Amino acid sequence: MFKPKVIVHMSMSMNGNITGPYGSVVEGDALSNAYEEKHESFGSNAMLLGRKTIEEAFATEAMPQLPSNPKQYSRDEDFIADTPYDHYLISLDPSGKAAWTTNHTTFRERPEMHVVEVISENVSDAYLEHLRNIGVSYIFGGKDRNLDLSVVLDKLHHYFGFETVVVAGGGGINWSFFEQGFVDEVSIVLVPAVDDHYGRPQLFDNSNSSAEIKPQGFKIAHLELLEGDIVWLHYTK
């Protein structure tokens, strides 16, 4: 099995929030410029996001009408659509809830990205047929919502040749990669702000109170002061 390098790349407030108004303390486009510049430096054409982040930023509409009499599809067979795009948005969506209407999307000034759904075997045949009809690729990552990320990473390399995958939240998805031991690097664009909004997701959000995960150490690879007093922290194993 070849495992692509996994880089968790996030912006956050000084107290660890990854969403909220903390970015408002930075003037102009300094924050988005910093985030995009460092993302580009990784040379990856694959960005992976969790379902909640996908729904907030990309698949924002209601679920379209799914086929009423779908075929039965084997859960041993992934579906890789033909696409002219060579950049990819990977949606980690075990339950098949992302309401895609097209097979590609955009983010800021990046090239258009082909959509790849990572789903569990519990997803309905109607949803699978919908994805096939609109040309969204999908791969199975496990029998239920607890996906096996080793299988996911292996398939992403096998089908698309990814050598580096940038994981960009939310906190629960970041934690899943950390929990299963697949985080190779952590990149933090740190905004000089404290945001006290209650209940905001953190950089690594563990929702399992019984999880017993030993600390994993990283080494600082690069530290850089950017425009707007933003600091870039880049850690490696």
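See the structure shown above.
Engineer: Help me understand the packing of aromatic side chains, please; the structure alone is not making it clear to me.
Structural biologist: Two numbers describe a pair of aromatic rings. These are the distance of the centres and the angle of the planes. Summed over the entire model, instances satisfying the criterion amount to nine aromatic pairs. When the ring of Tyr88 is compared with that of Phe160, the centres are 5.1 Å apart and the planes differ by 50 degrees; the resulting orientation is tilted. Placement of the pair is Tyr88 in strand β3 (residues 88-92) and Phe160 in helix α4 (residues 149-160), with a sequence separation of 72 residues. Overall, Tyr88 belongs to the buried group, its relative accessible area being 10%. With centroids separated by 5.6 Å and ring planes inclined at 70 degrees, the aromatic side chains of Tyr138 and Phe140 adopt a geometry described as edge-to-face. Taken individually, Tyr138 and Phe140 each receive the classification buried, so the pair is uniform in this respect. The side chain of Lys237 reaches across the aromatic face of Phe218, ending 4.6 Å from its centre.

Engineer: Would you mind going over unusual backbone geometry with me for this structure?
Structural biologist: Glycine aside, the phi torsion of most residues is negative, and most peptide linkages are trans. In this model, Gly169 is joined to Gly170 through a cis peptide bond whose omega is 5 degrees. Structurally, Gly170 is set in the loop between β7 (164-167) and α5 (171-179). Look at Arg108: it is not a glycine, yet its phi comes out positive at around 50 degrees. Tracing the chain through its elements places Arg108 in the loop between β4 (104-105) and β5 (113-119). Arg108 sits in the partly exposed class, given a relative accessible area of 44%.

Engineer: What is the right way to read the layout of surface pockets from this model?
Structural biologist: Picture a little ball the size of a water molecule; that probe, rolled over the atoms, points out where space is still empty. Of the volumes computed, that of the largest pocket is approximately 1500 Å³. Lining the largest pocket are 48 residues, with Gly169, Gly170, Gly171, Gly172 and Ile173 positioned closest to its centre. Where the lining of the largest pocket is concerned, the elements lending two or more residues are β1 (5-12), α1 (30-41), β2 (46-50), α2 (51-57) and α5. With six residues, α5 is the single largest residue contributor to the lining of the largest pocket. Of the residues assigned to the lining of the largest pocket, the class counts are 19 nonpolar, 19 polar and ten charged. Approximately 200 Å³ is the volume attributed to the second largest pocket. His39, Ser44, His87, Arg110 and Pro111 are, among the 13 residues lining the second largest pocket, the residues nearest its centre. Secondary-structure elements contributing two or more residues to the lining of the second largest pocket are α1 and β2. Per-element tally for the lining of the second largest pocket: the top contributor is α1, with three residues. When its residues are assigned to classes, the lining of the second largest pocket shows five nonpolar, five polar and three charged.

Engineer: Help me understand the nonpolar core in this model?
Structural biologist: One broad rule of soluble globular proteins: the nonpolar side chains tend to lie buried together. Membership of the largest hydrophobic core comes to 70 residues, with the highest contact counts inside it found for Leu48, Ile90, Leu92, Trp100 and Phe177. Discounting residues that sit within four places of it in the chain, Ile90 has contacts with Ala46, Met47, Leu48, Leu49, Val116, Val118, Leu156, Phe162 and Val165.

Engineer: Is there a simple way to explain the side chain of Lys155 in this structure?
Structural biologist: The residue Lys155 is located in helix α4 in this model. A residue is classified by how much of its surface remains accessible, and Lys155, at 19% relative accessible area, is buried. When sequence neighbours within four positions are dropped, the list of residues in contact with Lys155 reads Asp78, Ile139, Phe140 and Phe160.

Cut-offs applied
- Residues numbered from 1 in each chain as written.
- Predicted model: local features only at pLDDT ≥ 70, side-chain atom pairs only at ≥ 80, totals over all residues.
- Heavy atoms only, no water.
- Phe/Tyr/Trp six-rings, centres within 6.5 Å; stacked < 30°, edge-to-face > 60°.
- Helix = DSSP H or I, 4+ residues; strand = E, 2+ residues; numbered from the N terminus.
- Buried < 20%, exposed > 50% of the residue type's maximum accessible area, 1.4 Å probe, protein only.
- Lys NZ or Arg CZ within 6 Å of the ring centre and 35° of its normal.
- 1 Å grid on protein atoms, 1.4 Å probe; cavity = no way out; pocket = protein on both sides within 12 Å on 5 of 7 lines; lining within 4 Å.
- Points joined across faces, edges and corners; volume = space filled by probe spheres on them.
- Nonpolar A, V, L, I, M, F, W, Y, C, P; charged D, E, K, R; others polar.
- Core = buried A, V, L, I, M, F, W, Y, C linked by side-chain atoms within 4.5 Å.
- Contact = heavy atoms within 4.5 Å.

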